[in-house]
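# Coordinates in review
Here is how the chains run, residue by residue.
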Amino acid sequence: MPGDDQGSGAPADDNAQAEASPEETSAASNRERIDQVILEAARKLEQTAEKLEQLGAQGTLTGEYSTKVASQLRSGARYLEGTKVESLSERAEATVRRNPVASLGLAFGVGFLVARLFRK
């Protein structure tokens, strides 16, 4: 009857995985949505980089700067494309623990900019 024990163990494992709590299901759904938003942000960065390169005239200082900015935007897009929400949150947490004062300053600055954007 060892075969019976193995056979009865598999459905129990399947049931345990299938019967996730509503909180786990909601968290997984939120992670998927955030991952989709991250990919969309990467696509937008890539599109912005292309527009910048088209706007900058070759051989001018403006063209040089727009090429540099476009390169950085593409670098950010590649980073985002290879990133999942779990790794982003782990990195952010580690950075905040290493540099709490700088993190507070950055959070204040971002909050200020977002408030200015929404005020307009």
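Structure: above.
Small disclaimer: the values here were computed from a predicted structure and weren't measured. (Residues numbered from 1 in each chain as written. Predicted model: local features only at pLDDT ≥ 70, side-chain atom pairs only at ≥ 80, totals over all residues. Heavy atoms only, no water.)

### A word on the overall build of the protein
Regarding its fold elements, the protein presents five helices and zero strands. For the protein, the succession of helices and strands along the chain, N to C, is α-α-α-α-α. For the protein, the proportion of contacts with a sequence separation of at least 24, taken over those separated by at least 6, is 63%. (Helix = DSSP H or I, 4+ residues; strand = E, 2+ residues; numbered from the N terminus. Contact = heavy atoms within 4.5 Å.)

### Re helix H3 (residues 61–81)
Across its 21 residues, H3 extends 30 Å between first and last C-alpha, which sits within 8% of the 30 Å expected from 1.5 Å per residue. For H3, the complete set of buried residues consists of Gly63, Ser66, Ala70, Leu73, Arg74, Ala77 and Leu80. Burial along H3 is one-sided: seen end-on, the buried residues are contained in an arc of 120°. Exposed residues on H3 whose side chains face more than 90 degrees from its buried face are Leu61, Gln72 and Arg78. Those residues of H3 that are buried lie in contact with helix H2 (22–55). (Expected span 1.5 Å × (residues − 1). Buried < 20%, exposed > 50% of the residue type's maximum accessible area, 1.4 Å probe, protein only. Arc of directions from axis to C-beta.)

### Comments concerning a nonpolar patch on the surface
A contiguous nonpolar surface patch, about 430 Å² in accessible area, is contributed by Leu106, Val110, Val114 and Phe118. When you line up the elements, Leu106 lands in helix H5 (residues 100–119). (Patch = residues over 30% accessible without salt bridge, like charges linked within 9 Å, V, L, I, M, F, W, Y side chains within 5 Å. Areas by Shrake-Rupley, 256 points an atom, 1.4 Å probe, with all protein chains shown as cover. Salt bridge = Lys/Arg side-chain N within 4 Å of Asp/Glu carboxyl O.)

### Some remarks on the packing of H2 against H3
For the pair H2 and H3, interaxial distance at closest approach is 8 Å and the crossing angle is 165°. By the angle class used here, H2 and H3 are roughly antiparallel. The interaxial crossing formed by H2 with H3 has left-handed handedness. Contacts from Ile38, Leu39, Ala41, Ala42, Leu45, Glu46, Thr48, Ala49, Glu50, Leu52 and Glu53 in H2 reach Ser66, Val69, Ala70, Leu73, Arg74, Gly76, Ala77, Leu80 and Glu81 in H3. In terms of residue class, the contact of H2 with H3 is built from twelve nonpolar, three polar and five charged. (Axes fitted to C-alpha atoms, helices over the stretch in contact; angles between N-to-C directions. Parallel < 35°, antiparallel > 145°, perpendicular 65-115°, else oblique. Left-handed = near helix turned anticlockwise from the far one by under 90°. Nonpolar A, V, L, I, M, F, W, Y, C, P; charged D, E, K, R; others polar.)

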